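If you want the building blocks of each chain, they are given just below.
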Amino acid sequence: MKRRNVIRWWALLGLLAGVAIAAPAVSARADRLPACGSPGPASRRPPPVRASLSARGACRAAVLESSVRQVKPPGFTPSGYHHLGAATATEWSGVSGRFAVVDGSIRPGTYDFIAGRFMVKRDLGKGGIAWLEAGWAETGWRSPGQPHIYTYNTNTRSWQFYDQYQVRPGDTVWLDVHTDAGGMWQAWLWWNDRWNLLTAQKLPIGTSASVEQYVEVHVDDKKPGRIDVPSVKVDNVQLRPPDGGPPRFWREDVPTLTGVTPGQQQRSGGFCLDWTTRYDTWTAGDCV
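Each value, and the rule that gives it
Residues numbered from 1 in each chain as written. Predicted model: local features only at pLDDT ≥ 70, side-chain atom pairs only at ≥ 80, totals over all residues. Heavy atoms only, no water. Phe/Tyr/Trp six-rings, centres within 6.5 Å; stacked < 30°, edge-to-face > 60°. Helix = DSSP H or I, 4+ residues; strand = E, 2+ residues; numbered from the N terminus. Buried < 20%, exposed > 50% of the residue type's maximum accessible area, 1.4 Å probe, protein only. Contact = heavy atoms within 4.5 Å. Disulfide = S-S within 2.5 Å. Core = buried A, V, L, I, M, F, W, Y, C linked by side-chain atoms within 4.5 Å. Salt bridge = Lys/Arg side-chain N within 4 Å of Asp/Glu carboxyl O. Polar contact = N/O pair within 3.5 Å; in protein donor to acceptor, adjacent residues only side chain to side chain.

Next up on the list: the packing of aromatic side chains. Taken as a whole and assessed by the stated rule, the structure comprises 14 aromatic pairs. Each ring, one from Tyr81 and one from Phe113, has its centre 6.2 Å from the other, and the planes form 65°; the classification is edge-to-face. You can see Tyr81 sitting in strand E4 (residues 81-88) and its partner Phe113 sitting in strand E6 (residues 113-125), a full 32 residues away along the chain. Both residues of the pair, Tyr81 and Phe113, belong to the buried class.

Turning our eyes to something else, we now look at the environment of Trp174. In this structure, Trp174 sits in strand E10 (residues 172-179). Sequence spacing of Trp174 and Val234 is 60 residues, and the spatial spacing of their C-alpha atoms is 10.0 Å. Those residues in contact with Trp174, other than ones at most four positions away along the chain, are Pro46, Pro47, Gly97, Arg98, Trp188, Leu189, Trp190, Trp195 and Asn236.

Attention now moves to the state of the cysteines. Throughout this description, disulfide means a covalent bond between two cysteine sulfur atoms. Under the defined criterion, the tally for this structure stands at two disulfides. Across the disulfide from Cys36 sits Cys59; the S-S distance is 2.1 Å. Looking down the S-S bond of the Cys36 and Cys59 bridge, the torsion is 100°, so its handedness is right-handed. Taken together, the residues Cys36 in the loop between helix H2 (28-31) and strand E2 (59-60) and Cys59 in strand E2 connect sequence positions 23 residues apart. Take Cys36 and Cys59: they sit in the same class, and that class is buried. What pairs with Cys272 in a disulfide is Cys287, and their sulfur atoms sit 1.8 Å apart. Judged by the sign of its S-S torsion, about 90°, the cystine formed by Cys272 and Cys287 is right-handed. Taken together, the positions of Cys272 in strand E18 (residues 271-277) and Cys287 in the segment after strand E19 (281-286) put the pair 15 residues apart, joining distant regions of the chain. Residue classification places Cys287 among the partly exposed residues on the basis of a relative accessible area of 25%. Regarding the disulfides, the chain carries the connectivity 1-2, 3-4 under sequence-order numbering of its bonded cysteines.

Let's shift gears to the nonpolar core. Grouped together as the largest cluster of nonpolar side chains are 51 residues, with contacts concentrated most on Trp136, Ile149, Tyr165 and Val173. Ignoring any residue separated from it by four or fewer positions in sequence, one finds Ile149 in contact with Gly135, Trp136, Gln160, Phe161, Tyr162, Tyr165, Val167, Val173, Leu189 and Leu198.

Another point: the pattern of salt bridges. For the structure shown, the criterion picks out 13 salt bridges. Put simply, Asp112 and Arg107 hold a salt bridge, and the shortest N to O gap is 2.7 Å. What makes Asp112 buried here is its relative accessible area of 0%. With a shortest N-O distance of 2.8 Å, Arg226 and Asp228 are connected by a salt bridge. You can call Arg226 exposed: its relative accessible area is 65%. Through salt bridges with shared partners, a single ionic network connects Arg117, Lys121, Glu133, Glu212 and Glu216.

Time to look at the side chain of His178. Tracing the sequence through the fold places His178 in strand E10. A relative accessible area of 4% means that His178 is categorised as buried. A distance of 2.6 Å separates a polar atom in the side chain of His178 from a polar atom in the side chain of Asp176. The contacts of His178, once residues within four sequence positions are left out, are Ala51, Ser52, Ser93, Gly94, Met184, Trp185, Gln186, Trp188 and Arg240.

The following block contains the structure:
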């Protein structure tokens, strides 16, 4: 986790040098998806089919992601990360589910952020980790008070925001992160009753990886202060088996890591997690 935090911090420091524009690496098939065009309204019904390049109406996000890149390593390991959620102890080929969107007390002009996200990752050894994450985030450097759909991956090492999807506190967003048979990892958003491909990345992960579901909070370590996070609900979390079988709910029979002993509540920095159904339905935010 320390290595991952350092890489993420490099991206935060890149804000000092401005915002760059970057297009994702894509497979030829993904690149042939039609452009999503006008994003239209948020979906009011859950997706009836899994995210895939062949799903009816599937499209590719038409606006290039606005990215924040790292400039140079900071020379130190920052503090201030708080993670609430779970990770699989075994490998899967994808994850999907729904996150509620909230408005936290993120401070403008800081490196504060809140994110509700899925991640797939692999430890490459010798301190290297490759991953792709997707979710929503509210940050102190980009329109504080306004949540954004985002992705982050270790190919570009940059935050990539998708502002054409106007999410607001009180909304819920369906997300799907998975790989195809060729090892191309994809992040999808269910929007306007169709699957929108956010990014496709050829990562050194293979066709299966460990999976995380987290509400993540970062407090700018150079500007100590308090961040309040209303309760974020996460539900309908499903895993895709590496053998290509049908998705299944992330339940207690899936080997799972939570960082605490069984039955103990997760607490970090004044934030708490409560499981409704381990591990596919839960809430996280300020401790009551």
